[in-house]
Amino acid sequence: MWEPLVLRYSQLNKINLESILSDKIPAIVIRNFYDERNCQMIAGRIRNYKQSAFQNGKLKHIGPFLMSHTTNKKKYFEDAKDAQREFEKIFDGIKNPITHICESISSKFPNHSISLAREFKNDYSPAVIRMHEKGKSVPVHKDNVRYEGKEYALSDIDCQLSCILHLQESESGGDLVMYNKQWKKEDEKFRNIDFGYSSKVVNSSEACKMSSFNAGDLVVMNPNYYHKVTEITGNTPRFTLGMFLGFYRKDYKIITWA
Amino acid sequence: MTDIIWGNGSKVLSANSFVLNVTHRKDGNKQDYSDSEKIIMSSADLPGLPQNQSDWDEESLKTCVVDAFLKCEVNQRDESGVILAKVSHSGAGGY
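Keep in mind that this is a model prediction, so the values were computed, not measured.

1. Here we look at the overall build of chain A
At step 1: Summing up its helical and strand segments, chain A has five helices and 15 strands in all.
At step 2: For 258 residues, the compact-globule estimate of 2.2 N^0.38 gives 18 Å, and chain A sits close to it at 17 Å.
At step 3: Reported as C-alpha extents along the three principal axes, the dimensions of chain A are approximately 40 × 40 × 40 Å.
At step 4: Within chain A, the proportion of its 258 residues that are buried is 42%.
At step 5: Long-range contacts, defined as pairs at least 24 residues apart, comprise 82% of the intrachain contacts of chain A with a sequence gap of at least 6.

2. A closer look at the interface of chain B and chain A
At step 1: Between chain B and chain A, the contact holds 17 residues from the first and 25 residues from the second.
At step 2: Where the side of chain B that touches chain A is concerned, the elements lending two or more residues are β1 (4–14) and β2 (17–25) of chain B.
At step 3: Taken together, the residues of the side of chain B that touches chain A sort by class into six nonpolar, nine polar and two charged.

3. Some words on helix α3 (residues 73–90) of chain A
Residues and elements named next belong to chain A.
At step 1: Under the 1.5 Å per step criterion, the end-to-end length of α3 is 25 Å for 18 residues, consistent within 8% with the ideal 26 Å.
At step 2: Within the sequence span of α3, burial applies to Y76, F77, A80, A83, F87 and I90. Around the axis of α3, the buried residues are gathered within 130° of arc, so they sit on the same side. Those residues of α3 that are exposed and aimed more than 90 degrees away from the buried face are K74, K75, R85, E88 and K89.
At step 3: Buried positions along α3 lie against α2 (36–47), β3 (61–62) and β6 (122–123).

Basis of the calculations
- Residues numbered from 1 in each chain as written.
- Chains lettered and ligands numbered in written order.
- Predicted model: local features only at pLDDT ≥ 70, side-chain atom pairs only at ≥ 80, totals over all residues.
- Helix = DSSP H or I, 4+ residues; strand = E, 2+ residues; numbered from the N terminus.
- Rg over C-alpha atoms; globule rule 2.2 N^0.38 Å.
- Buried ≥ 20, exposed ≤ 12 C-beta atoms within 10 Å, placed from the backbone.
- Contact = placed C-beta atoms within 7 Å.
- Nonpolar A, V, L, I, M, F, W, Y, C, P; charged D, E, K, R; others polar.
- Expected span 1.5 Å × (residues − 1).
- Arc of directions from axis to C-beta.

Rendered as structure tokens:
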């Protein structure tokens, strides 16, 4: 069975994480990874976040993500700088969840350095906070900076993991579905015009559905496997914080970005 | 309004032209487009392809367009049927 490993942080070790990189398991769900009260505080601040930052409601995220700036590095790095300031405000006075993720991963890879990715003195965006409201779903997609981030220096990483911290859950929907199929370039013929892929790309692929997330749960996954988020059907929006880890194996180095 | 077609790049013909396997057509396009069209790039916005046209070559174009999902905004079709188009990456395959 291809299914996620569900554990508490105290049970997490390097072997678990390597199991994702070596394709033995699709994901690890770490229960109660981040303090639930902090999640509630952050969610409250997100709800009160100035609407202009969401471009009059058209965008539902705080912080840029590299894949939406594949050929516009200047804009990405400008937005990344702004995002750092916004995150400082949102996490003011509480344990920064981005730092918490980095420290936790670092403790499992003690011989690796970990740092926010930088390029020509520009910091990459450390994370992206996404708001998914009722009716929103995320189609089948993959995340692979080695392919789509060719303009960026970090596209030479050896492998990529994705970390998604759940800050607020909806009453229903918003499940993560992962398919036991990794992206390959020939699959580009299944691309949708705007985002992601036709569901035909995962026809007959084994799937696992992850639901019942709680605020504070962290999901670590190999994002080159196709995945999707099912429609949010509850009234409460789903808030997540996402970031990537990139591994340079020979250099024992981990970089982070969004 | 400009006609737009989308699809995957296949054979590279020169430093600025290739064959597009058309998968999507904009509703309301004025012209018809077959499932395979020859494209000459008037300009490009593709990850990995130099901005300066004089720096384009067949090898770099192969790396950037073969199998890649591309958006072609049609400028014109010449008498031989070849399309002159602005070529860019389309949307994103992920976050």
